[in-house]
Amino acid sequence: FAFRCSPRWEVTCLNCPTSPLLLLVFLTGSDRIPIYGMSSLRIIIQSTTSGEQYLPVAHTCYNLLDLPKYSSKEILSARLVQAIDHYEGFSLA
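Computed from a prediction, not measured in an experiment: that's the story for all the values here. (Residues numbered from 1 in each chain as written. Predicted model: local features only at pLDDT ≥ 70, side-chain atom pairs only at ≥ 80, totals over all residues. Heavy atoms only, no water.)

Trainee: Please give an account of the packing of aromatic side chains that cites residues and values.
Mentor: Tallying each qualifying case throughout the model produces 1 aromatic pair. Considering the side-chain rings of Phe26 and Tyr87, the 5.6 Å spacing of their centres and the 90° angle between planes classify their relative orientation as edge-to-face. Pair noted here: Phe26 is in helix 1 (residues 20–28) and Tyr87 is in the segment after helix 2 (73–85), with a separation of 61 residues, a long-range link. (Phe/Tyr/Trp six-rings, centres within 6.5 Å; stacked < 30°, edge-to-face > 60°. Helix = DSSP H or I, 4+ residues; strand = E, 2+ residues; numbered from the N terminus.)

Trainee: Any details on the nonpolar core? Residues and values, ideally.
Mentor: The tendency in soluble globular proteins is for nonpolar side chains to be buried as a group. Membership of the largest hydrophobic core is limited to 11 residues, which are Leu23, Phe26, Leu27, Ile45, Leu65, Leu67, Tyr70, Leu76, Leu80, Ala83 and Ile84. The element that contributes the greatest number of residues to this core is helix 2, accounting for 4 residues. (Core = buried A, V, L, I, M, F, W, Y, C linked by side-chain atoms within 4.5 Å. Buried < 20%, exposed > 50% of the residue type's maximum accessible area, 1.4 Å probe, protein only.)

Trainee: Could you give an account of the pattern of salt bridges, with specific residues and numbers?
Mentor: Considering all chains together, one arrives at 1 salt bridge under this definition. Among the ionic pairs, Arg32 bridges to Asp31, the shortest N-O distance being 3.8 Å. (Salt bridge = Lys/Arg side-chain N within 4 Å of Asp/Glu carboxyl O.)

Trainee: Now, about unusual backbone geometry: what can you tell me, with residues and values included?
Mentor: Negative phi values dominate among residues other than glycine, just as trans dominates among peptide bonds. Even without glycine at this site, Asn63 takes up a positive phi of about 50°. Locating Asn63 in the fold gives a position in the loop between strand 4 (57–59) and strand 5 (64–68).

Trainee: Explain the sheet that holds strand 5 to me, using residue names and the numbers behind them.
Mentor: A sheet is described by the order of its strands in space; here 3 strands give the open sequence 3-5-4, paired in mixed fashion. Since the sheet does not close on itself, it has two edges, and those belong to strand 3 (44–48) and strand 4, each with one partner. Taken over all neighbouring pairs, the strand axes of this sheet differ in orientation by 25° on average, direction set aside. The sheet contact formed by strand 4 and strand 5 spans 3 bridges and is antiparallel. Each residue of the ladder has a partner; that of His59, found in strand 5, is Leu64. (Pairing = 2+ DSSP bridges. Axes fitted to C-alpha atoms, helices over the stretch in contact; angles between N-to-C directions.)

Trainee: Any chance you could break down the UniProt feature "active site" (unreviewed entry) in the protein for me, citing the residues and the numbers?
Mentor: Within this numbering scheme, the UniProt entry marks Cys61 as carrying the feature "active site" (unreviewed entry). Assignment of secondary structure puts Cys61 in the loop between strand 4 and strand 5. The exposed category is assigned to Cys61, whose relative accessible area is 70%. (UniProt positions renumbered as here; feature names shortened; annotations may be inferred.)

Rendered as structure tokens:
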């Protein structure tokens, strides 16, 4: 699973153990593909001034991903996988 915004913001999860479905849930809060298909889904990625020790943050109501400025794709991939794996969603239990 990969999405591209510009060469600067290439986020790739092709070699990570996290499934595309978990990435979709993390970014949108839903495990359903939009009614008009994935091409209708608009994900906004914005840079934050947080350090490399911070995880990405998803704002599911706006399909917005806050991404700290990581120094490498490897760190970005590791932090994204960590954020997705520890995502709890909207559990009411």
